[in-house]
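Take a look at the letters that make up each chain.
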Amino acid sequence: MMTESLLFFLVDDDPAITELVTTLLSDAGHDVQVSHSSRDALALIPSTQPDVILLDIMMPGMDGQELCTRLRECPELSNACIIMLSSKSYEWDRSRAYKSGANGYMLKPVNAETFVEDLDQIISKQVTLTFWGARGTLPTPEPDCMRYGGNTVCVTLSLPQDRLFIFDAGTGIRSLSSHLLNEHKKNVVAKIFISHSHWDHINALPFFVPLYMQGNEFEICGPAQGSLTMREVIAAQMDDVYFPVTMKQFAARVYFRDLVEGVYDMDGVEVHTMLLNHPGYCLGYRINYDGRSICYITDQELHPDTSPSYSSHYRNMLEEFIRDTDALITDCTYFDNEYSEHEDWGHSSVSEVVHTAHRANVRQLFLYHHDPAHNDDDIDKKLNQAHALLNELGSKTICLAPKERESIVL
Ligand SMILES: [Zn+2]
Ligand SMILES: [Zn+2]
């Protein structure tokens, strides 16, 4: 059962339903706000910032599906769980709800006996994405970089049953480390997926304190670099010439696993990998879980089709790999006008990223791995350019530039 008290926002034009659901949720110790009009709700919900939003579908003016889409465009609601509560049992409506960004679908009539428990099942199955660092290449501790944060790449995916997937170990992993320590969590078990061994993706791993704590368990997975295994790559950067602490001091159980292109079962979660267009061996990841997916694709260079290095085969493979994903986190290092100076450095520019996400029908695109020369205003500009281009394309893809410690519920 849900132990913590949550704030629910309920939108339904049927007062009998709102009354019943309010009673059930209040009896279970939750706070509830109600609106009988979807238009009023759209104005109220962003400032209310509820934990859970329950939406009817068939409502006058704006239906629940449209309302869901509009709410998902509000960055302040990225952490809210949206659940449809409808008498429509058609698969079409259910699948459209998920495409609009709903996290769950419940059928009316409401069964008073099981309603709170069914709701709990949906809420506890949440998949949460958290950004701990979004800069590429080097940290940017300058004052004009503090809005988005100055740490290099690290993202986590929290899955039900305490499963934690960590992507890359740039300096953002130190904030994750502090977060886990503050939670006083014992026996932390996680997979650490390394995209590749460039410094900005591995160099804060030795500062990830849970590695030095007994009872914790980590599997560090990633591509071998030719004959160098993932273990050797990590051990080399902790060799005493570079760093005073060696891997022998890890008190947690730490395993290493070399990954190649393929499909893996990781703790019951389907993990797909694809080699990316970047110097050396760099793996992109796609996680499929319970009807949702995230793609972590960095570092990567998308050559424009005017370039001699353009490969339609690679583009097709990539677009298939990320097709219909809920979240694409990807290398958007450069502005378009900067790219030509940096061609063949292994990174991508705004319009190539946006076109790719649009063609692959990505639901949410996250601009990531920013050039260290870019400050917060530059990231705003990249985001604005991406929005303008998506608008021009008539795209359904939503584009965001994540800030450090920002969480998104999928
Ligand atoms: Zn990088
Ligand atoms: Zn790289």
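Just so it is clear, the structure is predicted and the values come from calculations on it, not from any experiment.

K.L.:
Looking at this structure, I do not really get unusual backbone geometry. What am I missing?
P.N.:
One can expect most non-glycine residues to show negative phi and most peptide bonds to be in trans. The omega torsion of the bond from K108 to P109 falls at 5°, within 30 degrees of zero and hence cis. Tracing the chain through its elements places P109 in the loop between strand 5 (104-107) and helix 5 (115-124). Across the junction of T298 and D299, the peptide omega takes the value -5°, indicating a cis bond. Despite not being glycine, D168 has its phi angle at roughly 65°, a positive value. In this structure, D168 sits in the loop between strand 8 (163-167) and helix 6 (172-182). For D267, which is not glycine, the phi torsion reads 55° and is therefore positive.

K.L.:
Would you explain the domain arrangement of the chain in this entry?
P.N.:
By a widespread convention, an interface's size corresponds to the accessible area lost as its parts come together. Here the chain is described as being made up of domain 1 (7-124) and domain 2 (128-409). One C-alpha centre belongs to domain 1, the other to domain 2; they are set 32 Å apart. Tallying the contact residues gives ten residues for domain 1 and eight residues for domain 2. For the side of domain 1 that touches domain 2, the class distribution of residues is four nonpolar, four polar and two charged.

K.L.:
It is not clear to me how the pairing of strand 13 (residues 269-275) should be interpreted in this structure. Could you clarify?
P.N.:
In regular strands, side chains alternate between the two faces of the sheet. Taken together, the five bridges between strand 12 (residues 262-266) and strand 13 define a ladder with antiparallel strand orientation. Within the sheet, the bridge partner assigned to D265 lies in strand 13 and is E270. With antiparallel pairing between neighbouring strands as the criterion, strand 12 and strand 13 make up a hairpin whose turn holds two residues, including D267 at a positive phi of roughly 55°. Bridge analysis of strand 13 against strand 14 (residues 283-289) gives six bridges, and the strand direction is antiparallel. Bridging from a neighbouring strand, H272 pairs with R286 of strand 14.

K.L.:
I tried to follow the nonpolar core on my own but got confused; where do I start?
P.N.:
One recurring pattern in soluble globular proteins is that nonpolar side chains are buried together. In this structure, L54, L328 and I329 are the most contacted members of the largest nonpolar core, which totals 98 residues. The element best represented in this core is strand 4 (residues 81-86), accounting for five residues. Three or more residues apiece are contributed to this core by two domains, here domain 1 (7-124) and domain 2 (128-409). Every residue in contact with I329, bar those within four places of it in the chain, is listed here: V155, I294, C295, Y296, I297, T298, F366 and Y368.

K.L.:
Quick question: what am I supposed to make of the packing of helix 2 (residues 38-48) against helix 3 (residues 64-72) here?
P.N.:
Pairs of packed helices are described in terms of their axes, by the angle between the two and the distance that separates them. Put simply, helix 2 and helix 3 touch, their axes get as near as 10 Å, and they point 15° apart. Our classification of the angle between helix 2 and helix 3 gives roughly parallel. For the pair helix 2 and helix 3, the crossing hand works out as right-handed. Contacts between helix 2 and helix 3 pair S38, A41, L42 and I45 from the former with G64, L67, R70 and L71 from the latter. Classifying every residue of the contact of helix 2 with helix 3 by side-chain character gives five nonpolar, two polar and one charged.

K.L.:
Would you explain the pairing of strand 11 (residues 253-258) in this entry?
P.N.:
Alignment of strand 10 (residues 217-222) against strand 11, held across six bridges, turns out to be parallel. The partner of F218 across the bridge, within strand 11, is V254. One crossover worth recording links strand 10 to the parallel strand 11 by way of helix 8 (residues 230-237), and it is right-handed.

Rules and cut-offs
Residues numbered from 1 in each chain as written. Chains lettered and ligands numbered in written order. Predicted model: local features only at pLDDT ≥ 70, side-chain atom pairs only at ≥ 80, totals over all residues. Helix = DSSP H or I, 4+ residues; strand = E, 2+ residues; numbered from the N terminus. Domains from an automatic or database assignment. Contact = placed C-beta atoms within 7 Å. Nonpolar A, V, L, I, M, F, W, Y, C, P; charged D, E, K, R; others polar. Pairing = 2+ DSSP bridges. Core = buried A, V, L, I, M, F, W, Y, C linked by C-beta atoms within 7 Å. Buried ≥ 20, exposed ≤ 12 C-beta atoms within 10 Å, placed from the backbone. Axes fitted to C-alpha atoms, helices over the stretch in contact; angles between N-to-C directions. Parallel < 35°, antiparallel > 145°, perpendicular 65-115°, else oblique. Left-handed = near helix turned anticlockwise from the far one by under 90°. Right-handed = clockwise from strand over helix to strand, strands pointing away.

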